[in-house]
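Chain by chain, the residues:
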Amino acid sequence: MEKRTAHRPHRLPTGKCKLSGALALLVALCALPNSAAAQDWFRTGTGLGVSKPRVAVADFASRSPATPPLASLFSDVLRNDLDYSGILDLASKSFYPTQVPTAPGELNYPDWQNAPVSAQFLAFGNLTANGSDLSIEAWFYDVQNQAAPPVVGRVYRGQATETDTRKFAHQFADEIVARLSGGLPGVAATQIAFVSTRSGNKEIWAMDYDGAGQHQLTSLRSISLTPRWSPDSSRIAFTCYPTGVVSSAQICMYSLLTNKVVSWPRFAGTNSAPAWSPDGAKIMFMSSMYGNPELFTTDADGSHVKRITHSVGANTSPSWNPKTGQEVAFVSDRGGTPQLYTMDAEGAEAQKVPLPDMGYVIDPAWSPNGQLLAFSWRRPNGNYDLYIMDVVTHDLVELTRDAGRNERPSWAPDGRHLVFESTRTGTRQIWSMLADGSNMRQLTTAGQNESASWSLR
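Treat the numbers as computed from the prediction; the structure is a model and nothing was measured.

### A look at the overall build of the chain
Piece 1. A tally of helices and strands in the chain yields five helices and 32 strands.
Piece 2. A burial count over the chain gives 53% of its 457 residues as buried.
Piece 3. Considering only intrachain contacts with a sequence separation of at least 6, the fraction spanning at least 24 residues in the chain is 44%.
Piece 4. About 18,600 Å² of surface is accessible on the chain, with carbon and sulfur atoms providing 50% of the total.

### A few points about the pairing of strand 12 (residues 224–229)
Piece 1. Bridge count between strand 12 and strand 13 (residues 235–240): four bridges; the pairing is antiparallel. Pairing of Ser224 across the sheet is with Cys240, part of strand 13.
Piece 2. Hairpin remark: strand 12 followed by strand 13, antiparallel, with five residues in the connecting loop; positive phi at Ser233, about 60 degrees.

### As for the sheet that holds strand 21 (residues 327–332)
Piece 1. Pairing is antiparallel in the open sheet, where four strands are placed in the order 20-21-22-23. At either end of the open sheet lies a strand with only one pairing partner, and these are strand 20 (315–320) and strand 23 (351–352).
Piece 2. Relative to strand 23, strand 22 (residues 339–344) runs antiparallel, the two being bridged by two bridges. Across the sheet, Thr342 pairs through a bridge with Gln351, a residue of strand 23.

### Some details on the nonpolar core
Piece 1. By size, the foremost hydrophobic cluster in this structure holds 41 residues, and its most contacted members are Phe74, Leu78, Leu82, Leu127, Phe140 and Phe172.
Piece 2. The greatest single-element share of this core, amounting to seven residues, is contributed by helix 3 (residues 68–83).
Piece 3. Those residues in contact with Leu78 that lie beyond four places of it in its chain are Val57, Phe60, Ala123, Ala169, Phe172, Ala173 and Ile176.

### A closer look at the packing of helix 3 against helix 5 (residues 162–180)
Piece 1. The interhelical angle for the contact between helix 3 and helix 5, taken along N-to-C directions, is 35 degrees, at an axis separation of 9 Å. Here helix 3 and helix 5 pass one another in a crossing that is right-handed. Every residue of helix 5 that contacts helix 3 at Leu70, Leu73, Phe74, Val77, Leu78, Asp81 and Leu82 is listed here: Glu162, Thr165, Arg166, Phe168, Ala169, His170, Phe172, Ala173, Ile176 and Val177.
Piece 2. Among the residues making up the contact of helix 3 with helix 5, the classes are represented as twelve nonpolar, two polar and three charged.

### With respect to the sheet that holds strand 18 (residues 294–299)
Piece 1. The four strands lie next to each other as 16-17-18-19, forming an open sheet whose pairing is antiparallel. In this open sheet, the two edge strands, each paired with only one partner strand, are strand 16 (271–276) and strand 19 (306–307).
Piece 2. Bridge analysis of strand 17 (residues 282–287) against strand 18 gives six bridges, and the strand direction is antiparallel. Bridge pairing in strand 18 links Phe285 to Phe296.

### Topic: helix 3
Piece 1. If you check helix 3, its first and last C-alpha atoms are 23 Å apart, about what 16 residues at 1.5 Å a residue would give, namely 22 Å.
Piece 2. Considered for burial, the residues of helix 3 that qualify are Leu70, Ala71, Leu73, Phe74, Ser75, Val77, Leu78, Arg79, Asp81 and Leu82.
Piece 3. Buried positions along helix 3 lie against strand 3 (54–57), strand 4 (61–62), strand 5 (89–90), strand 6 (121–130), strand 7 (133–142) and helix 5.

### Quick look at the packing of aromatic side chains
Piece 1. One pass over the structure, following the stated rule, counts 20 aromatic pairs.
Piece 2. Ring geometry for Phe375 against Trp377: centres 6.4 Å apart, planes inclined by 50 degrees, an arrangement best described as tilted.
Piece 3. On the accessibility criterion, Phe375 (0% relative accessible area) is buried.
Piece 4. Here Trp377 falls in the buried class, since its relative accessible area comes to 0%.
Piece 5. Three or more aromatic residues joined by ring pairs form one cluster here, namely Phe60, Phe74, Tyr156, Phe168 and Phe172.
Piece 6. Arg334 extends its terminal NZ or CZ atom over the ring of Tyr341, reaching a point 5.0 Å from the ring centre.
Piece 7. When the ring centre of Trp377 is taken as origin, the NZ or CZ atom of Arg379, which lies over that ring, is 5.1 Å away.

### Describing unusual backbone geometry
Piece 1. For the peptide bond that leads from Ala115 to Pro116, omega is 10 degrees, which places it in the cis range.
Piece 2. Despite not being glycine, Asn259 shows a phi value in the positive range, around 60 degrees.
Piece 3. Position of Asn259 relative to the elements: it lies in the loop between strand 14 (250–255) and strand 15 (260–262).
Piece 4. The exposure class of Asn259 is exposed, given its relative accessible area of 53%.

### A closer look at the pairing of strand 20
Piece 1. Burial runs high along strand 20: five of the six residues are buried.
Piece 2. Bridge analysis of strand 20 against strand 21 gives four bridges, and the strand direction is antiparallel. Following the sheet pairing, Asn315 is matched in strand 21 by Ser332.

### A look at the side chain of Thr297
Piece 1. Its place among the elements puts Thr297 in strand 18.
Piece 2. With near-sequence residues (within four places) excluded, Thr297 lies in contact with Ile283, Met284, His304, Val305, Lys306, Ile308 and Trp320.

About the cut-offs
Residues numbered from 1 in each chain as written. Predicted model: local features only at pLDDT ≥ 70, side-chain atom pairs only at ≥ 80, totals over all residues. Heavy atoms only, no water. Helix = DSSP H or I, 4+ residues; strand = E, 2+ residues; numbered from the N terminus. Buried < 20%, exposed > 50% of the residue type's maximum accessible area, 1.4 Å probe, protein only. Contact = heavy atoms within 4.5 Å. Areas by Shrake-Rupley, 256 points an atom, 1.4 Å probe, with all protein chains shown as cover. Pairing = 2+ DSSP bridges. Core = buried A, V, L, I, M, F, W, Y, C linked by side-chain atoms within 4.5 Å. Axes fitted to C-alpha atoms, helices over the stretch in contact; angles between N-to-C directions. Left-handed = near helix turned anticlockwise from the far one by under 90°. Nonpolar A, V, L, I, M, F, W, Y, C, P; charged D, E, K, R; others polar. Expected span 1.5 Å × (residues − 1). Phe/Tyr/Trp six-rings, centres within 6.5 Å; stacked < 30°, edge-to-face > 60°. Lys NZ or Arg CZ within 6 Å of the ring centre and 35° of its normal.

Listed below in structure tokens is the structure:
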């Protein structure tokens, strides 16, 4: 996995306001008359920009001959997870004392409280293997308060494999993030589905949130597009071109429980861009079954088809508000060019979302808290870049600029991260970033990869 320096986000210029290089300056100087309000709307929506605790992660100790590589792996994965969480400041290992604790009785508080470490919290522990069995003892302490019990104390048991070691490191990181963020879980244990050509056809693949463990799910040997996780992460709805009698694009369903594509109805015309309702009971998708590309809903099993939009022009790319379940963002060219619209879940009260410039809008994605919309926008300069909009005030932040073509954003369930596709390295690849546009990471390198979707758990 490749890490790259992030392009810093910009607030969209209004009037004579100039673009700034950093978000803090940008939101303070531009657009809204009250600079504090300008700063607050984005931070409230993403959870970024707030005061961050300083955390140290000691190297986990190996207590058996087979575990040194696993101890090193656990420590590295845990550090990377916490560093990318967006909610804490990770103290550099170069500041750590020579002797690090492997159990609570070995913890010397001043070593970690004082400069140069100056940590508020410390993670530490040990790994032991007995044959093929692995045991990991992991603690997370508030080192500024010696009287306090451990914030987290866990024993993980599994197989002495890299897979289980990574899994337990992710679980420990997510619990730490949950404790430091008021209960909002981390995303280290989540998955990202995407489309890849590396096996010769466009198939659905999945990977860990950090790009590890990339593996193929479907083997349809045709074209698969736009995967979308169900809210319980047990299924993936996607666009497919099944072989056989029906040759047009259809909605297909992959089950993570049975590890295979399961039966789903076929409809006339072209069918694409599935989106799950927040409760997992319905799927909205684009279909030309009656001629014009319109939005339809079905129950999750494909039954009870209902037409939602009735307009001139094409309607596609629905995204359900996950907070309310009553609003849908979508793309329509009913006004001549693809633009962003919203409506209620029954198709009523459709209205265009005003943008301060011309161009094409595609791929809307609603944030988990229902306050922000991410989308790709090709403005008159001809480049597709990613933006985030506050759905109430319509204030905008530009996340990418002029670095390839950037499309199809998908939110992580914590609302602090986004995954997207970009051609910035010359080929189409999957990238992730914090939701303020910082800390971009390239997740894929083999083949062409697109249409990423972040699981909700």
